[in-house]
Amino acid sequence: MSVNLSLPALSLVDGCSTASEIQQIHALTIKTGVFRKEPFRISAKIIRSCCSSTFRPSTDDLEYAVSLFNRFVRGTDYASFFYNTLIRTHTQNHLYEEAFLLFYDMLCCSPPFLPDNFTFPSVLKSCAHLSAIEEGKQIHCMILKTATALGNQFVQNSLIHMYARCGEIDLAHKAFDSMPHRNVVSWNMMIDVFAKCGHIDSSRQFFDNMPERNVVSWNSVIAGYVRNSLPDEALRLFLQFLFLGLNPDESTLVSVVSAIADLGLLDLGKRIHGYLTRHQFSLSGVLGTALIDMYSNCGSIQTAYKIFESFPNKTVGHWTSMIVGFANHGMARSSLQIFSQMQRSGTEPNYITFIGVLTACNHGGLVVEGLKHFNLMRRVYNINPGIEHYGCLIDLLGRMGHIEEAKMIVERMPMEPGVVIWASVLAACRTHGNTKTAELAAQKLIELEPGYAGCYLLMSDIYAKMGRWEDLGRIRKLMEERGVEKNPGLSWIEVDVELHQFAVGDKFHPRCGEIYRTLNMLECHLKDHSNRDAAEMVYSS
């Protein structure tokens, strides 16, 4: 770049798209002597350009900006503005520790620069992401001493977000209650806080009490119902949303599609799919992933695959949903083939992808493939296995009779095995008659969850198979003493977009008379058919 650079030519910095171009201009100002005459003005221009919304600085770029700030701007009257600029930019670029250290440096100057309404939101966001609750509380004290910050909604909302992100729900609630003026963002934050923490009734109460709602308000509660395993409530609220004439956005529809998937309402799912097509919603992102999940969960795996195949540029979410869908349908080889295609495409698998892969190996009884992919996850993709991955592998080994190997992995897990892990080991012991390990697993289960009925029932089966009637009696007595009862299994069936639920032997369905008459008719028909088959066998012999 050969430019005769005078001071007005600094406007060239605004047109730079990379830090390298900015540094070239900076170098020219030094070479031509311009920088020596106006070091503050040139440094300030470069810092602002590095921190502009149109520029995406790397860590090195921001270090470059901070070095200019420390040498030529820090001691000036404008330092407070540039502290705020740098703190905000570091926070936006997920450099939370660096942002907080700049804030600390700001306070430690002599004399110190006082934070203001532009400082607090960014530094509170950094505290939230660092889970730095004690530092957040200290900043809250500073806000209480700053008159302008007390009435600033942006600052107060950032305070609620910080406490919520750090898991301090009561403090978030107190911060909300202390706000002199609340906007829709304040209410939405509290709705989202309670929904994500499982307090869905409190979330709904905030929603009902809102003086004004927007689409985000509805989305938060609908998503909260789905997240808390209340898909039917999510759909009811969505119907109210439509009745009011509001238009759903992508977030609304992702939650609705997920609710339909949880309920297995295939006909309703097809209608929503039609709605997405008519209104030209893009399926290239999360919505496409949700749609694949919905068809898979509703049993229409071929439709899920057709949708998956229709995406020219597949995201990790699309690949993962298809892998999980095939795995849950017991189509292990198809699931692993999709994973191989994913690897060849250059898409990096993530944590959930490997849950699907290991689930496929588990359902297919593929021990060698399961161990291979478990090791692949760690060694090639640097993904640390979680409790779900260990659960899949242990269940796979147990199902295939490798009880001791499964037990060895349980003992070497980096986290404490929970109820699901020990229940998996116990179920495998029942299948393969390993009483010694079964008793160990049962002991662990009772310690973890004394009221877990499955443990007692599995041990009862094991003792009954071995003829250990005294031990069986002891288990039954223990169940009675502790009031342990087996929850009945439930079945669902969808008829004309209505979901019907049944338990074994129940008579609560409004049409139970017709149902039992039909069952009796089928039973008689099967008996007649069986008797005819037996007669034909006798006649032919």
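In this text, all values refer to a predicted model and were calculated from it rather than measured experimentally.

Scoring rules and cut-offs
Residues numbered from 1 in each chain as written. Predicted model: local features only at pLDDT ≥ 70, side-chain atom pairs only at ≥ 80, totals over all residues. Heavy atoms only, no water. Helix = DSSP H or I, 4+ residues; strand = E, 2+ residues; numbered from the N terminus. Expected span 1.5 Å × (residues − 1). Buried < 20%, exposed > 50% of the residue type's maximum accessible area, 1.4 Å probe, protein only. Arc of directions from axis to C-beta. Contact = heavy atoms within 4.5 Å. Patch = residues over 30% accessible without salt bridge, like charges linked within 9 Å, V, L, I, M, F, W, Y side chains within 5 Å. Areas by Shrake-Rupley, 256 points an atom, 1.4 Å probe, with all protein chains shown as cover. Salt bridge = Lys/Arg side-chain N within 4 Å of Asp/Glu carboxyl O. Lys, Arg positive; Asp, Glu negative; His and termini not counted. Charge placed at Lys NZ, Arg CZ, Asp CG, Glu CD. 1 Å grid on protein atoms, 1.4 Å probe; cavity = no way out; pocket = protein on both sides within 12 Å on 5 of 7 lines; lining within 4 Å. Points joined across faces, edges and corners; volume = space filled by probe spheres on them. Nonpolar A, V, L, I, M, F, W, Y, C, P; charged D, E, K, R; others polar.

> Pulling in residues and values, what's your account of helix α6 (residues 96-108)?
At 3.6 residues per turn, the α-helix brings residues three or four places apart onto the same side. Taking 1.5 Å of rise per residue, the 13 residues of α6 would be expected to cover 18 Å, and the 19 Å separating its terminal C-alpha atoms lies within 8% of that figure. Buried within α6 we find Y96, A99, F100, L102, F103 and M106. Considered in projection along α6, the buried side chains sweep an arc of 155 degrees and stay on one side of the axis. Every exposed residue of α6 that faces more than 90 degrees away from the buried side is listed here: E97, L101 and Y104. Looking at the buried side of α6, the elements it contacts are α5 (79-92), α7 (120-130) and α8 (133-144).

> Please set out a negative patch on the surface residue by residue, giving values where relevant.
Together, D60, E63, E97 and E98 make up a region of like negative charge exposed at the surface. Counting only elements with at least two residues in the negative patch, the list comes to α4 (59-73) and α6. The exposure class of E98 is partly exposed, given its relative accessible area of 35%.

> Explain the side chain of S43 to me, and be specific about the residues and the numbers.
Topologically, S43 is positioned in helix α3 (residues 39-50). For S43, a relative accessible area of 0% puts it in the buried group. In this structure, S43 is in contact with F35, L68, F72 and V73, ignoring residues within four places of it in sequence.

> Give a detailed account of the layout of surface pockets, specifying residues and quantitative values.
Summary: where empty space remains is shown by rolling a probe the size of a single water molecule over the atoms. Size it by volume and the largest pocket reaches roughly 410 Å³. Looking at the largest pocket, it is lined by 18 residues, and the ones nearest its centre are R88, P121, S122, F154 and S158. Of all the secondary-structure elements, those providing two or more residues to the lining of the largest pocket are α5, α7, α10 (153-165) and α12 (184-196). Among the elements that make up the lining of the largest pocket, the one with the highest residue count is α5 (6 residues). A breakdown of the residues in the lining of the largest pocket according to their chemical character gives 7 nonpolar, 9 polar and 2 charged.

Just distances and angles here, no functional claims.
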